[in-house]
Amino acid sequence: MKREVLTKAGLAVLAAALIVAGGLPLLRHRRFDVPVVMGPGVARVERLSAYAPGVARTIADTNVFVLEGREPGGKAVLLANTHANEPEGLLAALVVVENAVVEKGTVYVIPTFNASGGRNTKPGDGYPLYFHLQTDWGTKTFRMGNRDASPLDQWPDPDVYIHYPDRQLLSYIDARNTNRTWPGRPNGLLMERVTYGAMELIRREAVDVAIDIHGAETMFPVTNCIVAPEKSMRIATLAALTVKAAEGFESHVEPSPVSFRGLSHREIGDHASALPFLLEAPTPFLDQPTGPKTEKLLLDGRDPFLLSLAKKKMLFVPYDESGWPLEKRVGQHLSLILEILRQFGKKNPERSIVLKDVPRYADLVRNGVGRYFHDPAAAPKGRVVME
Ligand SMILES: [Zn+2]
């Protein structure tokens, strides 16, 4: 009898030790903050809860960097980490925050739009918890997140997710996907409250252009592209043609489907006057048939299995031994953002939004991404925000 009790107690202690040892790195990751140096364009930092009180005091509340121009003009919103396992969006947004000067207009940047997803991971796929960039002043560490919000923050999952307000039936997991919960509602699921906050910002501030920045599998047809609804199509097409001619990279245009609900490129345009765009850069890390999901694969996009699939013409992007490195992905995003804003300004001069000191594709390919992040330890007092 005594021996049995001792065995059970021993097993219970062992199980508790395994839970603590396995859980502590996840807890540390969830609490890890990334310092962001406010660049010369940042006038102030608001919180999403200013537009959606339903996210106040939750992990979903997130920074809204407001970059103001010397001259009034139009307004743009940049959203990144809608899917927090697509870091090229986060990095493009942070390069804008740390470097941009706004000559005209206002730019709202939300670098970690799904803040719960940004503190989540995908243990079943062996995701790295962090990735690191070399900068001129040392190594900068970022959290690698997951596509969806954590069930710790939005639970339980429904059997079927019923989209609001169209009542379209979607997969249960999309209840935690902030690119299925647009346009959201003030008292709905936590992720519906997050998208409602962005919708309210877009409506209240009369935003002209909304750009949602992503990455996508190379085996998925909607990759390396700009997704645009009818009203944004002309500007998307002109931007795609211009970057191809002037900067030498491809990004085709995909029409936003009318009948597939909940997506930013559909709902923002249907529920506000803004022109929405969604940018996809090819992200080999996200493809299923790759080797281990390492930080190296995330950064350089090189994978032998994808290379052999490319030779069989099964990828939707050109792919060779050079992979699809992070600097190309971030560079494409930055050039496309600048080009979309420029094309919008040509059509609407009084509402134009003019950014300077934002690097473009060729700059990123030449210098890498780390070059554009500044040393928080050397930043002026009060100009560092934790993200
Ligand atoms: Zn995405």
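In the block above lies the structure referred to throughout.
Residues numbered from 1 in each chain as written. Predicted model: local features only at pLDDT ≥ 70, side-chain atom pairs only at ≥ 80, totals over all residues. Heavy atoms only, no water.

Peer 1: Outline the coordination of the zinc ion, supporting the account with residue identities and numerical values.
Peer 2: Taken together, His 83 (ND1), Glu 86 (OE), Glu 86 (OE) and His 214 (ND1) make up the full set of protein donors to the zinc ion, lying 2.1 to 2.5 Å away. Considering all 4 donor atoms around the zinc ion, angles at the metal cover 56 to 149° and the coordination shape is irregular. Within one chain, the residues serving as donors to the zinc ion are arranged as H-x2-E-x127-H. (Donors = N, O, S within 2.8 Å, 3.2 Å for Na, K, Ca; no water. Tetrahedral: all angles 85-135°; square planar, octahedral: opposite > 155°, others 65-115°.)

Peer 1: Tell me about the pairing of strand β11 (residues 225-228), residues and numbers included.
Peer 2: What you see with β11 is no split at all: Cys 225 and Val 227 on one side and Ile 226 and Ala 228 on the other are buried throughout. As paired elements, β11 and strand β12 (residues 252-255) share 4 bridges and run parallel to each other. When the sheet's bridge partners are listed, Ala 228 is paired in β12 with Pro 255. Crossover handedness for the path β11 to helix α4 (residues 233-247) to β12: right-handed. The pairing of β11 with strand β13 (residues 275-282) spans 3 bridges and is classified as antiparallel. Bridged to Cys 225 within β13 is Glu 280. (Buried < 20%, exposed > 50% of the residue type's maximum accessible area, 1.4 Å probe, protein only. Helix = DSSP H or I, 4+ residues; strand = E, 2+ residues; numbered from the N terminus. Pairing = 2+ DSSP bridges. Right-handed = clockwise from strand over helix to strand, strands pointing away.)

Peer 1: Before we move on, could you go through empty space enclosed by the protein and cite the residues and values that matter?
Peer 2: Evaluation of the coordinates by the stated rule reveals 1 cavity of 30 Å³ or more. Put simply, the largest cavity is a space of about 60 Å³. In this structure, the largest cavity is lined by Val 34, Asn 81, Leu 90, Leu 94, Thr 112, Gly 118, Phe 142, Arg 143 and Glu 387. Counting only elements with at least two residues in the lining of the largest cavity, the list comes to α2 (87-99) and β7 (138-143). In terms of residue class, the lining of the largest cavity is made up of 4 nonpolar, 3 polar and 2 charged. (1 Å grid on protein atoms, 1.4 Å probe; cavity = no way out; pocket = protein on both sides within 12 Å on 5 of 7 lines; lining within 4 Å. Points joined across faces, edges and corners; volume = space filled by probe spheres on them. Nonpolar A, V, L, I, M, F, W, Y, C, P; charged D, E, K, R; others polar.)

Peer 1: Provide a residue-level description of the packing of α2 against helix α8 (residues 326-347), including the pertinent values.
Peer 2: Interhelical geometry of α2 versus α8 gives an angle of 60° and a closest axis separation of 9 Å. Accordingly, the angle class assigned to the pair α2 and α8 is oblique. Our pair here, α2 against α8, has a crossing hand that is right-handed. Taking contact as the criterion, the partners of Glu 88, Gly 89, Leu 91, Ala 92, Val 95 and Val 96 in α2 are, on α8, Leu 326, Arg 329, Val 330, His 333 and Leu 334. Here the residues of the contact of α2 with α8 sort into 7 nonpolar, 2 polar and 2 charged. (Axes fitted to C-alpha atoms, helices over the stretch in contact; angles between N-to-C directions. Parallel < 35°, antiparallel > 145°, perpendicular 65-115°, else oblique. Left-handed = near helix turned anticlockwise from the far one by under 90°. Contact = heavy atoms within 4.5 Å.)

Peer 1: Residues and numbers for the environment of Arg 3, please.
Peer 2: Its location among the elements puts Arg 3 in helix α1 (residues 2-31). Its relative accessible area of 72% is what places Arg 3 among the exposed residues. Through-space distance from the C-alpha of Arg 3 to that of Gly 118 is 47 Å; in sequence the pair is 115 residues apart.

Peer 1: Help me get a handle on unusual backbone geometry, residues and values and all.
Peer 2: Omega for the peptide link from Trp 155 to Pro 156 comes to 0°, which places this bond in the cis form. Considering the arrangement of structural elements, one finds Pro 156 in the loop between β7 and β8 (161-162). Residue Pro 183 is reached from Trp 182 by a cis peptide bond, and omega for that bond is -5°. Turning to its location among the elements, Pro 183 is positioned in the loop between β9 (169-170) and α3 (190-204).

Peer 1: Can you lay out the pattern of salt bridges for me, pointing to particular residues and giving the numbers?
Peer 2: Inspection of the entire model under this criterion finds 30 salt bridges. One salt bridge in this structure joins Arg 203 and Glu 200, with 3.1 Å as the shortest N-O distance. Here the residue Arg 203 and the residue Glu 200 both occupy positions in helix α3, the gap between them amounting to 3 residues, near one helical turn. The exposure class of Arg 203 is partly exposed, given its relative accessible area of 34%. For Glu 200, a relative accessible area of 14% gives the class buried. The partner of Lys 296 in a salt bridge is Asp 300, and the shortest N-O contact between them spans 2.6 Å. With Lys 296 and Asp 300 both in helix α6 (residues 295-300), this residue pair falls 4 residues apart, about one helical turn. Linked by salt bridges that have partners in common, Asp 166, Glu 230, Arg 261, Arg 266, Glu 267 and Asp 270 make up one network. (Salt bridge = Lys/Arg side-chain N within 4 Å of Asp/Glu carboxyl O.)

Peer 1: Which residues make up the packing of α3 against helix α5 (residues 264-271), and what values go with them?
Peer 2: Between α3 and α5, the least distance of the axes is 10 Å, while the angle of their chain directions is 40°. As summarised for this structure, α3 and α5 are arranged oblique, according to the angle between their axes. The two elements α3 and α5 cross, and the hand of that crossing is right-handed. Seen from α3, the contacting residues are Met 199, Ile 202 and Arg 203; seen from α5, they are Glu 267, Ile 268 and His 271. Considering only residue class, the contact of α3 with α5 consists of 3 nonpolar, 1 polar and 2 charged.

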